[in-house]
Structures are given as structure tokens and as C-alpha cells.
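Below, each chain spelled out in residue letters.
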Amino acid sequence: MAILIPLVFLFSYFFIRKIWFQLRKIRTVGTIERIELGYIRPNLILPEVKVFYKYYFQSGLYFGSGYLNLSDFLTTQEFHVHMGPGENPILYTEDSEIVTEEHIEHYLLSKGGSVFLYLDPIEPYHSRIDSVNLNSITVSSDLL
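The text that follows walks through the structure, step by step, so that each part is easy to find. Predicted model, so just to flag it, every value in this text is computed and none were measured.

This part covers the overall build of the chain. When its secondary structure is counted, the chain shows 3 helices and 8 strands. A compact globule built from 144 residues should have a C-alpha radius of gyration of about 15 Å, whereas the chain, at 21 Å, is more than 25% larger. Taken along its principal axes, the extent of the C-alpha atoms in the chain is 70 × 55 × 25 Å. Counting all 144 residues of the chain, 30% fall into the buried class. Nonlocal contacts in the chain, meaning residues at least 24 apart in sequence, comprise 44% of its contacts between residues at least 6 apart.

Glancing now at the sheet that holds strand β8 (residues 127–133). Strand order in the open sheet formed by 5 strands is β3-β2-β1-β7-β8, and the pairing between neighbours is antiparallel. One side of each edge strand has no neighbouring strand; the edge strands of this open sheet are β3 (60–69) and β8. Pairs of neighbouring strands in the sheet enclose a mean axial angle of 35°, with direction left out of account. Here 6 bridges tie strand β1 (residues 26–40) to strand β7 (residues 114–119), and the two strands are oriented antiparallel to one another. Note that in β7 the partner of T31 across the bridge is S114.

Scoring rules and cut-offs
- Residues numbered from 1 in each chain as written.
- Predicted model: local features only at pLDDT ≥ 70, side-chain atom pairs only at ≥ 80, totals over all residues.
- Heavy atoms only, no water.
- Helix = DSSP H or I, 4+ residues; strand = E, 2+ residues; numbered from the N terminus.
- Rg over C-alpha atoms; globule rule 2.2 N^0.38 Å.
- Buried < 20%, exposed > 50% of the residue type's maximum accessible area, 1.4 Å probe, protein only.
- Contact = heavy atoms within 4.5 Å.
- Pairing = 2+ DSSP bridges.
- Axes fitted to C-alpha atoms, helices over the stretch in contact; angles between N-to-C directions.

Set out below in C-alpha cells:
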């Protein structure tokens, strides 16, 4: 019994701490800077991409990185990725064939140019990607 009471206090402390850290997270938007495909050499392309992003919080600019699936960018399309001749990646979608990593990156950025992030307001450099923002943001101008 003497060991049980301190263990209960220890577990309850860690449980409350975990809930507290999750409750203070803030959801914000970050812009995608670069997307890298994942490779396993010699000829396998991973179904996830590494996303480099930046976001503004309070008075600072922060950078981060994380992993997302290709299917997060191409939600309604079927796709296939494989290595082509000369070790160039090729992305096949329903309507097009995209060759080279730069063109694939540009295509994915056209689908979603920003991500939703969870960040800690105490330590804003600790962020985690939640999902891709597939809605485009436009600004109308009145040019006469």
C-alpha cells in the first residue's frame, strides 16, 4: 500500500500534464516552402513526403518540417508513383503524367500551398502538422 499511493500520484501527474499540454495547443496556418519525395534506393518511392513550412506566431517567424502522405494532397484522385528511366520519379494521376521531382513538387503545391499546424504557445518552435489546407486563399482587387 505504501508503494501504491505514490504511483497513483505519479500517474495522475503525468495524465494531467498530458491533458494540459494538449489543451494549450493553438491551431494556426503555415505556408509550405518545399516538398521532398522520400526514396529507398535503388528504385522505391515512399508514399509520404517531407514538408518544409514556415509560420508566423506573435512577433516571430518560425520554420519547421514534418511528414504527410501523398494522398493528403491528392484526396479525390487516384495516383501512382514510380521511378522512371534515369532515376526520375514519375507521378501518374487521372489526367496527367508528371516527370521529375521539381514538377511533382510544383503540382503538389498547386493542390495545397499551406498546412494547418498545432503549436505550443510557450515554445512556438515546437509545432506539428495536422493536415493540408486544400482551400485556396484569394484576394480580390478593384482595378478600374
